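Tertiary structure, described
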Amino acid sequence: MPVAPNELKAALQGHVCQIGLWLNLGSVISAEVAGNAGYDWCLIDAEHGPYDLAAIQAQVIALAGTGTEAVVRVPAAEDWMLKQVLDLGVRSVMVPMVESAAQAEALVRAVRYPPHGVRGFGATVARASGFGAVPDYAQTADAEMCLIVQVESRAALNTLPEICAVEGVDVVFIGPTDLAADMGYIADLNNQSVLDAIDRAIDTIVEAGKVPGIISLDRDVCAAYRDKGVRFLGVGSDACLLASAVRATRHLP
């Protein structure tokens with residue numbers, strides 16, 4: 001019995017825009033609400049959110065019953081972090097601060113089993129294989145992995161064509177906030193130099209045949225990126241949505 005298909009990866013390969021939400025609150029209830037809202041994917045943000053492995057697993061399980069793909073952003077490009085997350089049953093992972101093709105190639109190997117990678121064989125006793133209920137897990141898991149690398153610095157943009165050429169990278173995600181800061185425009189996402197750099201990066205990713213990704217909290221900006229060819233599109237965060245709703249309802253008309 002093989003691993004269940006990764007419908008997010010299939011949809012992205014089929015040029016269908018997939019809409020998702022960041023999960024930063026660390027709340028299982030928040031994850032379940034978001035999954036039941038019908039998002040294509042939700043990203044469990046272990047880089048900036050209050051997550052340990054147990055908290056990640058709880059949100060992965062909460063999303064499993066909703067049909068929404070769980071994506072996990074690990075804190076750093078470390079093999080051992082990826083191994084632990086994959087053994088929880090995650091098929092889609094995002095890695096921050098990728099700046100070279102060599103880094104991207106190492107990440108491809110980290111999410112694949114030998115002979116094509118270096119992922120350790122431990123899934124038989126982990127949730128990924130249903131604790132052994134999927135006997136062909138190791139033989140079929142590689143094909144369903146969706147690897148998302150983040151480019152969010154001037155150094156990354158300088159090597160973007162080489163990163164895009166790495167086989168096994170599925171999505172190249174532009175981190176607009178960190179990119180703006182690295183360019184000298186902290187908290188100035190609408191600076192024209194930043195916008196131009198993002199547009200050029202999207203064009204490069206599309207021309208290379210990879211899936212471009214980005215996030216914006218502005219619905220009009222999201223629509224414009226979708227129309228430009230972005231297919232992995234973050235449209236908000238549970239923390240930001242809650243905070244804005246709470247503030248908006250604090251004062252009566």
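This structure is a prediction, so every number in the text was calculated from the model and none was measured.

A closer look at the nonpolar core
- Formed by 62 residues in total, the largest nonpolar core has its most connected members in Leu23, Ile44, Tyr137 and Ile174.
- Counting 14 residues, the second-largest nonpolar core is a separate cluster that includes Leu8, Trp22, Leu43 and Phe173.

Some words on the pairing of strand β8 (residues 232-237)
- Burial analysis of β8 places 5 of its 6 residues in the buried class, which makes it a mostly covered element.
- For strand β1 (residues 18-23) and β8, the ladder comprises 4 bridges, and the chain directions are parallel. Along β8, the bridge assignment pairs Ile19 with Leu233.
- Of the pairings in the sheet, the one linking strand β7 (residues 211-215) to β8 comprises 3 bridges and is parallel in character. Counted as the bridge partner of Ile214 is Leu233 from β8.
- Taken together, β7, helix α11 (residues 219-228) and β8 form a β-α-β motif whose crossover is right-handed.

Here's the deal with α11
- Where α11 starts, the residue carrying a side-chain oxygen 2.8 Å from the main-chain nitrogen of Asp220 turns out to be Asp218.
- Positioned one or two residues after α11, Gly229 has a phi angle of 120°, which is positive.

Observations concerning the sheet that holds β1
- Ordered in space as β1-β2-β3-β4-β5-β6-β7-β8, the 8 strands form a closed barrel in which the pairing is parallel. Averaged over all neighbouring strand pairs, the angle between strand axes comes to 25°, with direction disregarded.
- As defined by bridge partners, strand β5 (residues 146-151) adjoins strand β6 (residues 171-174) across 4 bridges and the pair is classed as parallel. Considered in β6, the bridge of Ile148 is made with Val171.

Some thoughts on helix α2 (residues 28-36)
- Those residues of α2 that fall on the buried side of the exposure criterion are Ser30, Ala31, Ala34 and Gly35. Down the axis of α2, the buried side of the element spans an arc of 130°, and every buried residue falls inside it. Exposed side chains of α2 directed beyond 90 degrees from the buried face belong to Ile29, Val33 and Asn36.
- The N-capping residue of α2, defined by a side-chain oxygen 3.2 Å from the backbone nitrogen of Ile29, is Ser27.
- Following α2 by one or two positions, Gly38 has its phi on the positive side, about 100°.

Points about the pattern of salt bridges
- Per the stated rule, a full pass over the model turns up 8 salt bridges.
- When the shortest N-O distance is used, the salt bridge between Glu69 and Arg91 registers 2.9 Å. In this pair, Glu69 sits in strand β3 (residues 69-73) while Arg91 sits in the loop between α4 (79-87) and β4 (92-95), placing the two residues 22 residues apart along the sequence. Pair check on accessibility: Glu69 and Arg91 agree, each one buried.

Thresholds applied
Residues numbered from 1 in each chain as written. Predicted model: local features only at pLDDT ≥ 70, side-chain atom pairs only at ≥ 80, totals over all residues. Heavy atoms only, no water. Core = buried A, V, L, I, M, F, W, Y, C linked by side-chain atoms within 4.5 Å. Buried < 20%, exposed > 50% of the residue type's maximum accessible area, 1.4 Å probe, protein only. Helix = DSSP H or I, 4+ residues; strand = E, 2+ residues; numbered from the N terminus. Pairing = 2+ DSSP bridges. Right-handed = clockwise from strand over helix to strand, strands pointing away. Polar contact = N/O pair within 3.5 Å; in protein donor to acceptor, adjacent residues only side chain to side chain. Axes fitted to C-alpha atoms, helices over the stretch in contact; angles between N-to-C directions. Arc of directions from axis to C-beta. Salt bridge = Lys/Arg side-chain N within 4 Å of Asp/Glu carboxyl O.

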